[in-house]
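# Chain and residue survey
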Amino acid sequence: MSGSVWVIDPGEINLELFQAWLDGVSVDSAAATRSDADGFGPEVVLQDTIDEYRTFAVLQRYMENPLQLVTQTVITITPATQQELLAMYYAFDDAVMREILCKQLSKRLRNDLDEVADKTGISLKSCHRQYDNLRRIFRKVEDRPGRLTDLILQRFVLKPKLANDYARLLFMWNNKLLVDKPNLVHLGLERFLLCAQEFMSRWTSWSMQMTHPTRAPGDDQDMDRKFLQDLRELKPVLGAHDVMDELSQHCIRALLQQKLDTSGANAIKVKNFTEVALAARHESSERIRTIFFKVVPSLFQIGAGLSHSRELRDIFEDVVDTVVIPCKGAECTITDVKLFFSALQVGYSQLTTVSRDTREQYALVVKRFLAGLSVVTVILYNE
């Protein structure tokens, strides 16, 4: 088609070509595979591809400062296309992010991304972009009060879901939560992001402010230090033999009553352990007691260690090793796990071997801790 002219709306962005550019595909390779090039000669297609790539290079600086993308007048782009471009530019690969999360988010890491590219099969250019995006967002929002998702939305105008994904990634990186342990490799990144969401909504200073408005403004980037301190103080309170023994009894009773209630046996009320054994029929209270003493002391050991960064970063591994694996070994279902944590909260509220003042002092701490850990355990259970 000699003499043909390819007329392109300057405000129309070829999203397929933009994705190729993001993936590090060369101009020649991108031109050779263009699906919209029917009827045009290879030279025209190549030149247009070169022009498009130049446009993308101009846009890149605005992508890195999204608020400027909205106001720039160099290239006419519709608001809908702006959102699509930002979503594509800030999209990430789970495999790349898992590798980055296990390393220090520093300039030095950028020089080591060759290893990440080789391991994940993602182009080095794409790895660089994903790393730079995460670091850029982190630097814009670090140490600022408020919810991470809101801060990211304000400064990067991303779609809400993507902004929330970055918030959860930053929480994990900021607290150095490790996801590369042998017993975690079979779990997808999304599971860890869901766990991070749970920590952010229950265990941070921002989450506490939601129920205590008089507290100073907080954020959901770091764990609530007062909460972690209380968990450390709680361990010796519950660690006493008589307290743990009473807690196990209340927990067993509450758990078996819950199982009866969920099976429709609401008329049966459990009052003593002889009655428990009869009412539960095939359920063995001794079996539950065994699970209790395998799991519960470890739960509060995990809680006591969260104030130390070294132990906090291993929380996923600890939950799998000390809660998930023992429960699976006992053939517990996810429903059993949920009932177990619920019964544990009920059991704590009924303790008499701890003074009433002490029990009430830590009641909210126990509720926050067990509620969060219950959800996290279910997420990691991988049934």
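Please read these numbers as outputs of a predicted model, since none were measured by experiment. (Residues numbered from 1 in each chain as written. Predicted model: local features only at pLDDT ≥ 70, side-chain atom pairs only at ≥ 80, totals over all residues. Heavy atoms only, no water.)

## Some thoughts on the overall build of the chain
Here is the rule we go by: By the criteria applied, helices consist of DSSP H or I runs no shorter than four residues and strands consist of E runs no shorter than two, each listed in order from the N terminus. The classification of residues rests on relative accessible area computed with a 1.4 Å probe and restricted to protein chains. Under 20% of the type maximum is buried, over 50% is exposed, and intermediate values are partly exposed. Contact criterion: two residues are considered in contact whenever any of their non-hydrogen atoms come within 4.5 Å of each other.
Looking only at helices and strands, one finds 22 helices and zero strands in the chain. Counting across all 383 residues of the chain, residues that qualify as buried make up 49%. Within the chain, contacts between residues at least 6 apart in sequence are counted, and of these 70% link residues at least 24 apart.

## Details of a negative patch on the surface
Convention followed: Residues with no salt bridge and a relative accessible area higher than 30% make up the patches, which join like charges within 9 Å and nonpolar side chains (Val, Leu, Ile, Met, Phe, Trp, Tyr) within 5 Å. With residues, only the protein chains shown are counted as cover, and all accessible areas are computed by Shrake-Rupley using a 1.4 Å probe. Here, a salt bridge means any Lys or Arg side-chain nitrogen found within 4 Å of an Asp or Glu carboxyl oxygen. Positive charges are assigned to Lys and Arg, negative charges to Asp and Glu, while His and the chain termini are left out of the count. A charge is said to be at NZ when it belongs to Lys, at CZ for Arg, at CG for Asp and at CD for Glu.
Together, Asp-112, Asp-114, Glu-115 and Asp-118 make up a region of like negative charge exposed at the surface. If you trace the backbone, Glu-115 turns up in helix H8 (residues 113-120).

## Structural notes on unusual backbone geometry
Despite not being glycine, Val-157 has its phi angle at roughly 40°, a positive value. Along the polypeptide, Val-157 turns up in the loop between helix H10 (148-156) and helix H11 (160-174). For Val-157, a relative accessible area of 23% corresponds to the partly exposed category. Even without being glycine, Lys-176 reaches a positive phi, approximately 55°. Looking at the secondary structure, you find Lys-176 in the loop between H11 and helix H12 (189-202).

## Digging into the nonpolar core
Applied cut-off: By convention a nonpolar core is built from buried Ala, Val, Leu, Ile, Met, Phe, Trp, Tyr and Cys residues, the set being connected through side-chain atoms within 4.5 Å.
By size, the foremost hydrophobic cluster in this structure holds 115 residues, and its most contacted members are Ile-152, Tyr-166, Phe-199, Phe-316 and Leu-380. With 10 residues, helix H22 (residues 363-381) is the single largest residue contributor to this core. Setting aside anything within four residues of it in sequence, one finds Phe-199 in contact with Phe-171, Leu-177, Thr-204, Met-223, Ile-315, Phe-316 and Val-376.

## A word on empty space enclosed by the protein
Formally: Think of a 1 Å grid over just the protein atoms. A cavity is a set of points where a 1.4 Å probe fits yet cannot get out, a pocket is an open set with protein on both sides within 12 Å along at least five of seven lines, and lining residues have an atom within 4 Å of a point. Grid points are joined across faces, edges and corners, and a volume is the space filled by probe spheres set on the points. Amino acids outside the nonpolar list (Ala, Val, Leu, Ile, Met, Phe, Trp, Tyr, Cys, Pro) and the charged list (Asp, Glu, Lys, Arg) are all regarded as polar, and Gly is one of them.
Summed over the entire model, instances satisfying the criterion amount to one cavity of 30 Å³ or more. By volume, the largest cavity amounts to about 30 Å³. If you go around the largest cavity, the residues you meet are Gln-83, Leu-86, Ala-87, Val-157, Leu-158, Lys-159 and Leu-162. Counting residues per element, the lining of the largest cavity draws most heavily on helix H5 (residues 79-89), which supplies three residues. Its residues assigned to classes, the lining of the largest cavity shows five nonpolar, one polar and one charged.

## A few points about the packing of helix H1 (residues 15-22) against helix H3 (residues 42-63)
Rules: Only the stretch in contact is used when a helix axis is fitted, and all axes are lines through C-alpha atoms; the angle between N-to-C directions ranges over 0 to 180 degrees. For classification purposes, angles smaller than 35 degrees are called roughly parallel, those larger than 145 roughly antiparallel, those between 65 and 115 roughly perpendicular, and all remaining angles oblique.
Following both chains from N to C, one finds H1 and H3 inclined at 70°, their axes separated by 10 Å at the closest point. When the interaxial angle is binned, H1 and H3 end up roughly perpendicular. Counted together, Leu-17, Phe-18, Ala-20 and Trp-21 of H1 and Thr-49, Glu-52, Tyr-53, Phe-56, Ala-57, Gln-60 and Met-63 of H3 form the full contact between these two elements. In terms of residue class, the contact of H1 with H3 is built from eight nonpolar, two polar and one charged.

## Points about the confidence of the model for the chain
Heads up, the rule is: The predictor attaches a confidence to each residue, called pLDDT, with possible values from 0 through 100.
Taken as a whole, the chain shows an average pLDDT of 86; of its residues, 86% reach a score of 70 or greater. Mean pLDDT across the secondary structure elements of the chain bottoms out at helix H16 (residues 273-279), with 46, and peaks at H12, with 96. Under a pLDDT of 50 for its full length, residues 1-10 has, in the predicted model, 14 contacts with residues more than four places off or in other chains. Under a pLDDT of 50 for its full length, residues 265-282 has, in the predicted model, 23 contacts with residues more than four places off or in other chains.

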